[in-house]
Amino acid sequence: MCERRSLPLVGQPQPERADAARNRQKIIDVAARMVAERGAADLSLDEVARVAGVGVGTVYRRFGDRSGLVYALLDERERRFQSAFFAGPPPLGPGAPAGERITAFLHALVERIVAQQELFLLLEQGGKSGGFSGPYRVHHIHLATLLTEACPHADAPFLADALLAPINARLIALQTEERGMSIDEIKSGLTALAAAVTRA
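Here the structure is a predicted model, which is why all the values come from computation and not from measurement.

Asker: I would appreciate a short explanation of the environment of threonine 58 in the present structure.
Answerer: Here threonine 58 lies in helix H3 (residues 56–63). You can call threonine 58 partly exposed: its relative accessible area is 25%. Sequence separation between threonine 58 and isoleucine 27 is 31 residues, and the spatial gap between their C-alpha atoms is 9.6 Å.

Asker: Before we go on, may I ask you to explain the pattern of salt bridges in this structure?
Answerer: Tallied over the full model, the rule gives 7 salt bridges. One salt bridge in this structure joins glutamate 76 and arginine 80, with 3.2 Å as the shortest N-O distance. Here arginine 80 and glutamate 76 lie together in helix H4 (residues 66–87), a separation of 4 residues that amounts to about one turn. Salt bridges here are not isolated pairs; linked through shared partners, they connect Arg38, Glu47 and Arg50.

Asker: Sorry if this is basic, but what is going on with the packing of H4 against helix H7 (residues 135–150) here?
Answerer: For any two helices packed against each other, the geometry comes down to the angle between their axes and how far apart the axes lie. It is the contact of H4 with H7, at a shortest axis distance of 11 Å, that shows an interaxial angle of 15 degrees. By the angle between their directions, the pair H4 and H7 is classed as roughly parallel. Helix-helix and strand crossings are classified by hand; for H4 and H7 the assignment is left-handed. Facing H4, whose interface residues are Tyr71, Glu78, Phe81, Gln82, Phe85 and Phe86, H7 presents Pro135, Val138, His139 and His142. Here the contact of H4 with H7 is built from residues that sort into 6 nonpolar, 3 polar and 1 charged.

Asker: Just checking my understanding: could you explain unusual backbone geometry for this structure?
Answerer: Of note, the amide linkage connecting proline 90 to proline 91 takes the cis form, showing an omega dihedral of 10 degrees. On the secondary structure map, proline 91 appears in the loop between H4 and helix H5 (98–115).

Asker: I tried to follow the environment of glycine 134 on my own but got confused; where do I start?
Answerer: Secondary-structure assignment places glycine 134 in the loop between helix H6 (117–126) and H7. For the pair glycine 134 and tyrosine 71, spaced 63 residues apart in sequence, the C-alpha separation works out to 9.0 Å.

Thresholds, definitions, all that
- Residues numbered from 1 in each chain as written.
- Predicted model: local features only at pLDDT ≥ 70, side-chain atom pairs only at ≥ 80, totals over all residues.
- Heavy atoms only, no water.
- Helix = DSSP H or I, 4+ residues; strand = E, 2+ residues; numbered from the N terminus.
- Buried < 20%, exposed > 50% of the residue type's maximum accessible area, 1.4 Å probe, protein only.
- Salt bridge = Lys/Arg side-chain N within 4 Å of Asp/Glu carboxyl O.
- Axes fitted to C-alpha atoms, helices over the stretch in contact; angles between N-to-C directions.
- Parallel < 35°, antiparallel > 145°, perpendicular 65-115°, else oblique.
- Left-handed = near helix turned anticlockwise from the far one by under 90°.
- Contact = heavy atoms within 4.5 Å.
- Nonpolar A, V, L, I, M, F, W, Y, C, P; charged D, E, K, R; others polar.

Take a look at the structure:
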């Protein structure tokens, strides 16, 4: 699934041979089970290949590196998330005022990251982009569009980066594990930040 690792927008996967599709799904299932059982920190493509019963070369050709496999593990849930904010019910989806949608999006993104936090930590630490590719670009465009609607004269791209900056796995881990913050407290802070930005 290297060809889809950037997750640019919701869409259909590229057609592939039935045996290739089976191998890809087998690898993803094994990797997901290993992450669920032992965490993501020690995820190894070589071990995934061994447990899945496929050649190591197959895994590396399909996913490229560990970041590619992590993208694949994140892919399905990310597509559901994108579908929700593009076409789901309000306030996350269309139909609510832009300010309400911004807050709903920030809250949902926190939940999205917390649900697969270990994988996001790997992605942020392991890739050259540091987590600023693929889904981030989609989130940024969506948020900048809402900000343009809410604040027509503001620098929407910059403000979108500013609102997204606090929502990353490393900072959330620091806030919850070292500072003792709850997820509701994090969301409350983002609500205040979004209100300040849209009010300005």
